[in-house]
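What follows is the residue order along each chain.
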Amino acid sequence: MQLAGTRALHKYLRVAEVSLTNRIVYVADHLASSLFLILILFIFSQLWRTVLGEGGEIAGLDSTRMLWYMLFTEVMTLSTPNSHRMVSEEVKSGDIAYKLVRPYSYILYYFAVHCGEFAIRCLTNLTIGAVFAYFVMGPLPVHWAQLLWAALSTCLAAAVNFLMSFSLALLAFWLEDNRPFFWIQNKMIFIFGGLFIPVEAYPAGLRLVSYLLPLRYGVSAPARLLVDFNLAMACQLLTGQIIWTALLGLLVWAMFRKGVRRVHVNGG
Amino acid sequence: MAVIEVQRLQKVFRAKTKEQGLRGSLKALWRPTYNEIIAVKEISFRVETGELLAFIGPNGAGKSTTIKMLTGILTPTAGTASVLGMVPWEKRRQLAYVIGSVFGQKSQLWYHLPALDSFRLLGSIYELEGKTYEKRLAQVVELFELDEFIKTPVRKLSLGQRMRCEIAASILHRPKVIFLDEPTIGLDVVAKLKIRELIKRLNEEEKTTIFLTSHDAGDIEQLCRRVIVVNHGEMILDTSTSYLKHNYLTTKIVNVRFAAPCPDLTLSQAEIIKHTEKGVKFRVDTKLVSIENVLSELFAQAHTADISVEEPPMEEIIRDIYGRPAEAGEQNAAGWN
Amino acid sequence: MLTEAKNTIKFISQYFSANLQSAMEYRGAFLSQVLFMFLNDLMLLFFWWVLFTKVESLGGWNFQHVLLLHAAVSGSFAFQALLFGGSFSLSRTIAEGRLDFYLALPKPVLLHVLVSRSAPSAWGDLAFGLVMFWLAGSPSPGRIAAFLLLTFAGGVVMASFTVLAKSLSFWLGHSSGLADQLFEALLSFSLYPEGIFSAGTRFLLYTLIPAAFVSYLPVKILSEFSALHALLLILFALGISLLARFVFYRGLKRYESGNLVATIAAD
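Residues numbered from 1 in each chain as written. Chains lettered and ligands numbered in written order. Predicted model: local features only at pLDDT ≥ 70, side-chain atom pairs only at ≥ 80, totals over all residues.

Engineer: I keep staring at the overall build of chain A and nothing clicks. Help me out?
Structural biologist: Assigned secondary structure in chain A consists of 12 helices and zero strands. Listing every helix and strand of chain A by position from the N terminus yields α-α-α-α-α-α-α-α-α-α-α-α. Computed over C-alpha atoms, the radius of gyration of chain A comes to 20 Å, within 12% of the 18 Å expected from 2.2 N^0.38 for 268 residues, which places it in the range of a compact globule. Seen along its three principal axes, the alpha-carbon backbone of chain A occupies a region of about 65 × 40 × 40 Å. Buried residues in chain A amount to 43% of all 268 residues. Here the analysis covers contacts within chain A between residues at least 6 apart in sequence; of these, 81% occur between residues at least 24 apart. (Helix = DSSP H or I, 4+ residues; strand = E, 2+ residues; numbered from the N terminus. Rg over C-alpha atoms; globule rule 2.2 N^0.38 Å. Buried ≥ 20, exposed ≤ 12 C-beta atoms within 10 Å, placed from the backbone. Contact = placed C-beta atoms within 7 Å.)

Below, the structure written as structure tokens:
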């Protein structure tokens with residue numbers, strides 16, 4: 001039984017590996033998103049310098065930390081893969097049926113694909129962005145323990161992002177056009193994810209809504225841990241991430257079961 | 001021992017009908033009406049180990065639907081089936097470990113990577129261990145002659161090469177049965193011959209039961225020993241290829257190009273489809289008439305520059321089978337000889 | 001000369017109305033596209049709204065100025081997309097040899113390529129621009145006319161910039177990636193107040209990446225009219241469009257000589 005478990009894990013690790021390798025082919029795409037990252041970082045370095053000057057802060061973060069904060073949230077967003085589009089297409093066209101006769105879980109398969117691609121994009125963007133941020137704003141003082149916490153938080157954030165997008169993609173089982181939902185999700189990440197400013201700095205009403213939604217756990221949790229760490233907040237954020245991963249996981253599982261039943265009845 | 005057993009399998013699709021425009025959409029939401037499409041009416045057959053069987057019929061005959069039911073993708077509306085002792089739509093995941101499938105245009109291979117990488121991944125997915133996998137890979141590469149291009153990115157392969165890789169990928173885990181849905185579709189003549197040769201070799205050397213669908217008459221003639229013909233969701237013929245060949249695939253279409261213009265031409269034993277100064281196209285039933293006679297009559301009247309012989313399209317063959325109900329009924333129940 | 005100008009305007013307006021009509025064929029899709037674009041642009045303001053609850057002004061500009069800024073960018077972009085929509089796919093048009101189609105027709109090639117396409121969603125951008133101007137720009141018929149004129153000039157600047165960037169395809173093959181990044185940069189810089197940038201950057205924004213002419217100058221002119229600024233904007237718009245035209249036709253000569261084929265084959 002144990003052996004079967006490790007073999008199953010091995011299976012999905014391989015999928016992630018292939019997904020990563022496949023992604024390397026798109027080097028030009030990578031560079032494009034990294035260039036955009038640098039552009040945004042440059043503009044915001046100027047913005048925060050002007051707004052916060054020498055001693056100003058927002059949510060306890062000075063201009064240097066604000067810029068590094070933005071680096072991490074942008075890396076998170078830019079590195080998140082688009083496999084949900086493929087899933088939507090497969091569901092709409094009925095091709096998903098062919099994937100169902102393979103000896104793996106469809107959901108886990110796509111999670112592995114997501115992780116593989118995310119890993120390499122994250123690495124590329126983070127490296128390039130960090131070098132730029134270092135030269136423009138100076139270093140970010142971090143403790144190695146923070147890095148560990150942040151790494152863990154990033155993994156959970158990737159899971160949350162995957163589950164959110166996947167659940168929207170699964171709507172293709174029931175809706176002809178699920179694209180508006182992706183657009184809405186995109187905008188909500190913008191607003192409630194804490195992309196530019198930590199949600200703690202938002203005016204009261206907005207802050208409340210942001211706390212209730214899972215978006216910030218997918219975008220800004222790791223960033224928060226890297227620029228402004230305290231143990232209580234770390235535990236809180238990670239707990240939130242775990243809870244949302246579980247909830248969204250349940251949702252995705254239920255949607256999938258129901259949706260797949262339709263496939264088995266209707267074919268394409 | 002039967003590897004596939006199908007009893008009165010039936011599949012009816014219910015499709016929502018929708019009227020045009022916004023009003024129609026709202027109406028469909030509120031009070032939906034359905035259209036019933038009977039894809040598979042009532043099919044029964046058995047397949048024994050090591051058979052090489054073709055499931056043929058025109059488009060929309062129910063071939064793909066049947067295969068989808070046998071691989072567990074679709075649940076039937078009525079009837080039973082068992083593949084290798086399992087009910088496909090109930091034991092889908094377990095069945096996946098012992099069957100292989102290639103669905104014409106849907107690829108199992110990663111587009112930008114060499115087929116070798118996809119094979120390695122499939123090895124993991126089917127849980128083949130290190131040495132076992134390597135040995136098996138070598139066997140498969142040899143069997144399908146993939147050495148030359150297995151390290152080339154899939155997107156650079158020709159369709160024929162890709163298809164070889166797809167079928168090879170489907171047998172890595174030594175399945176006992178493989179389902180090939182239109183494996184030769186879109187391939188040129190040379191590639192088709194190659195694929196047929198390889199499939200035959202697979203069946204002979206590894207005793208894999210092969211269940212393929214096609215609407216290419218050449219696939220049947222050159223590849224399979226047994227044929228099940230379906231049309232409109234029903235089995236209309238279940239017989240051996242030799243029987244089919246001698247009784248139904250006897251019509252040939254001959255294309256002739258003249259060396260010198262020949263405006264007048266009579267062929268007493270053939271049906272002329274098209275005749276111009278430059279050439280003639282005619283149909284010959286080789287069961288009724290000796291092709292030698294027809295050709296000598298032709299050569300006596302015209303100088304021939306080029307000649308080619310084709311199979312009639314599947315639709316014509318089916319029409320022909322359909323048009324002879326007595327003989328078809330004879331074979332249906334008995335199985336094949 | 002005058003008749004030529006009249007004909008040109010007629011030509012542009014014919015294409016414009018043809019594009020509009022074909023978009024309106026699918027009334028539902030058209031309206032939803034417009035609405036989505038409007039909402040999309042609105043979302044961008046969100047960050048500024050939050051920021052201005054913490055800060056009074058940014059380099060001398062307040063929230064109202066930022067609204068005007070966004071209005072100007074949306075307006076300029078709308079003019080480019082509605083009137084010169086063919087600029088966005090210019091790289092592909094060149095790389096895939098589709099210029100042949102235009103070369104065989106009796107109208108100036110560049111203009112023809114530019115006006116042949118129009119992005120219907122940009123009506124949402126235009127609507128957004130006008131609404132924001134209404135909210136922040138103390139509107140009057142005269143000022144609305146000025147707004148439209150200024151953003152038209154901005155649109156010309158954006159379109160010319162795009163043509164310049166995408167004309168690289170004549171020499172580099174399908175280099176849409178680089179051109180898109182440059183356009184992205186232009187757009188991004190236009191959306192942030194001039195005041196946050198250092199002198200060096202500002203110099204860049206008045207020259208190589210002319211964000212100043214897309215949004216900063218229009219905002220300045222609308223806040224406090226200056227004949228000098230207006231003249232500068234008009235001259236620059238004229239200048240860059242002539243430059244774009246020059247570069248494009250240079251590249252076209254290369255295209256016609258068949259050298260491009262070698263480039264495409266090597267790609």
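After presenting the structure, the write-up continues.
Engineer: Just checking my understanding: could you explain helix 8 (residues 179-192) of chain A for this structure?
Structural biologist: Since the α-helix advances by 3.6 residues per turn, residues separated by three or four positions end up pointing in the same direction. For helix 8 of chain A, built from 14 residues, the straight-helix expectation of 20 Å at 1.5 Å per residue is met to within 8% by its first-to-last C-alpha distance of 20 Å. Turning to helix 8 of chain A, its buried residues are I189, I191 and F192 of chain A. One face of helix 8 of chain A carries all of its buried residues, which in axial projection span an arc of 165 degrees. Taken together, the buried residues of helix 8 of chain A touch helix 3 (63-79), helix 9 (204-212) and helix 10 (215-219) of chain A together with helix 2 (27-54) of chain C. After helix 8 of chain A finishes, the residue G194 of chain A shows a positive phi value of roughly 75 degrees. (Expected span 1.5 Å × (residues − 1). Arc of directions from axis to C-beta.)

Engineer: For this particular structure, what's the right way to read the pairing of strand 3 (residues 52-56) of chain B?
Structural biologist: In the case of a regular strand, side chains alternate between the two sheet surfaces. All names here are of chain B. Buried residues dominate strand 3, accounting for five of its five residues. The two faces of strand 3 match: L52, A54 and I56 on one face and L53 and F55 on the other face are all buried. Bridge count between strand 3 and strand 7 (residues 209-214): five bridges; the pairing is parallel. The residue bridging I56 from the neighbouring strand is S214, located in strand 7. Where strand 3 lies against strand 8 (residues 226-231), four bridges are found, and the strand directions are parallel. Bridged to L53 within strand 8 is R226. (Pairing = 2+ DSSP bridges.)

Engineer: What am I meant to see in the interface of chain A and chain C here?
Structural biologist: Accessible area lost on assembly of the parts is the figure often given for the size of an interface. Contacts between the two partners involve 19 residues from chain A and, on the opposite side, 22 residues from chain C. Only helix 2 (27-52) and helix 8 of chain A provide two or more residues apiece to the side of chain A that touches chain C. With 10 residues, helix 2 of chain A is the single largest residue contributor to the side of chain A that touches chain C. Across the side of chain A that touches chain C, the residue classes break down as 16 nonpolar, two polar and one charged. (Nonpolar A, V, L, I, M, F, W, Y, C, P; charged D, E, K, R; others polar.)

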